[in-house]
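Architecture at a glance
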Amino acid sequence: MLRITTIAAALLLAASPALGFDTSAGTVRVTKVAGELEQPWAIGHLPDGGVLVTERDGAVVHLMADGSRVDLAGVPDVVNEGQGGMLDVMIPRDFASSRDVFLSYVARRGGVAGTAIGVGKLSADGTRLEGFKRLWQMAKPSNSARHFGSRIVEAPDGTLFLTIGDRGDRPSAQDLGNHNGTVVRLHRSGAVPPDNPFIGRPGVEPEIYSYGHRNPQGAALDLQGNLWVAEHGARGGDEVNLIKPGGNYGWPVISYGVHYSGAKIGEGTSKAGMLQPEHYWDPSIAPSGMMVYSGKLWPEWKGDVFVGSLKFDYISRLSGSDFREVEQLQHDTTGRVRDVVEGPDGAIWFLSVYDDALYRLTPN
């Protein structure tokens, strides 16, 4: 059912009084753009100034540039169980001509469920997705209701990266015969790029680009076009990884964390043939959405990595030749940060699950 309401002001104006807090780059203003969202998961910016926000229960909300608010019709049915539901949204670079909107979500197949990606065209009036179709779904869905991954990133060459968690089946992240615990790479049609790293290897799923991941819920390109992911560890061992084609990131053979019981994970923290994280957190921060900042509004943050924390209620800034967390952007509004993105003008936007709201950071 189509739901249309009106918000008090256009998106790029203050929808509520602005607040401020101090950072290494000076005081930043926090403006609440929209509230009363339901378990918001991801943000996608449209060229006209509008914003799409996914809600885990299955809705995609269009916050229009004129101030109106619409739940899009034509979105796919989702499995809203555990950590599953409607997850990421990605607006491609050619949206102005293609009108394509990509969604990742949990879809049912044969009584079980798994991560899927699909695409539809945003209608001219912005109220529905037309002709939505599922492009691809992981090979072996399961009854597990956790670790779906699901961030979508458009690569510089136009292919799509999609992150997938281990689905709670730890050993499967080392099994190239399924998509659990992987980053996959696809053409926009859902077809397999012929230069994927495991093409032609018998028994290996050809979409796999990297593997050995636990649950990557953050992903972004850096300013050179390289893919980075942020992923959940167990008790400790959350990681930021620079993704290399064919790379094995070690889960669950190596980890900097321990099981929730306190028991040791795997064989230690390193093993030949397995890649090390660029950074890890201990204790875990429960990392979520991720961006690499352009420097448009805060030149001193150019190239820095920002990751939301679901556990400790802040946005982590990582930087430096030793690449570590150098700052925590924390405010009353940064409760359970689910997504962090850069807007077209360089503002930093984030979703707070704590109060189910969308916020925007700008210089004071």
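No experiment lies behind these values; they were computed from the predicted model shown.

Reading the values: rules and limits
Residues numbered from 1 in each chain as written. Predicted model: local features only at pLDDT ≥ 70, side-chain atom pairs only at ≥ 80, totals over all residues. Heavy atoms only, no water. Helix = DSSP H or I, 4+ residues; strand = E, 2+ residues; numbered from the N terminus. Rg over C-alpha atoms; globule rule 2.2 N^0.38 Å. Contact = heavy atoms within 4.5 Å. Areas by Shrake-Rupley, 256 points an atom, 1.4 Å probe, with all protein chains shown as cover. Lys, Arg positive; Asp, Glu negative; His and termini not counted. Charge placed at Lys NZ, Arg CZ, Asp CG, Glu CD. Pairing = 2+ DSSP bridges. Axes fitted to C-alpha atoms, helices over the stretch in contact; angles between N-to-C directions. Core = buried A, V, L, I, M, F, W, Y, C linked by side-chain atoms within 4.5 Å. Buried < 20%, exposed > 50% of the residue type's maximum accessible area, 1.4 Å probe, protein only.

**Overview of the overall build of the protein**
A tally of helices and strands in the protein yields 1 helix and 26 strands. Computed over C-alpha atoms, the radius of gyration of the protein comes to 19 Å, within 12% of the 21 Å expected from 2.2 N^0.38 for 364 residues, which places it in the range of a compact globule. On the principal axes, the C-alpha backbone points of the protein span a range of 55 × 45 × 35 Å. Partitioning the intrachain contacts of the protein with sequence separation of at least 6 by distance along the chain shows that 55% fall at a separation of at least 24. Split by element, the accessible area of the protein, about 14,000 Å² in all, is 49% carbon and sulfur. Taken together, the 34 basic and 42 acidic charged side chains of the protein have centroids lying 4 Å from each other.

**Observations concerning the sheet that holds strand E20 (residues 287–292)**
Here we have 4 strands laid out as an open sheet, ordered E20-E21-E22-E23, and antiparallel in their pairing. The sheet is open, and its two borders are formed by E20 and strand E23 (324–329), each paired with just one other strand. With direction set aside, neighbouring strand axes in the sheet form an average angle of 25 degrees. Relative to E23, strand E22 (residues 315–319) runs antiparallel, the two sharing 5 bridges. Bridge pairing in E23 links Ser319 to Arg324.

**Here we look at unusual backbone geometry**
Of note, the amide linkage connecting Trp251 to Pro252 takes the cis form, showing an omega dihedral of 0 degrees. Of note in the backbone geometry, Asp356 takes a positive phi value of approximately 50 degrees without being a glycine. Here Asp356 shows up in the loop between strand E25 (348–352) and strand E26 (357–363).

**Quick look at the nonpolar core**
Note that soluble globular proteins tend to have their nonpolar side chains buried in a common cluster. Core analysis: the largest hydrophobic core is formed by 23 residues, its most contacted members being Leu52, Val101 and Leu103. Counting only elements with at least two residues in this core, the list comes to strand E4 (40–45), strand E8 (86–90), strand E9 (100–109), strand E10 (112–122) and strand E11 (129–137). Top contributing element to this core by residue count: E9, with 5 residues. One finds Tyr293, Trp298, Leu329 and Ile348 within the second-largest nonpolar core, a separate group that totals 18 residues.

It is worth stressing that arrangement in space is one thing and function is another; only the former is reported here.
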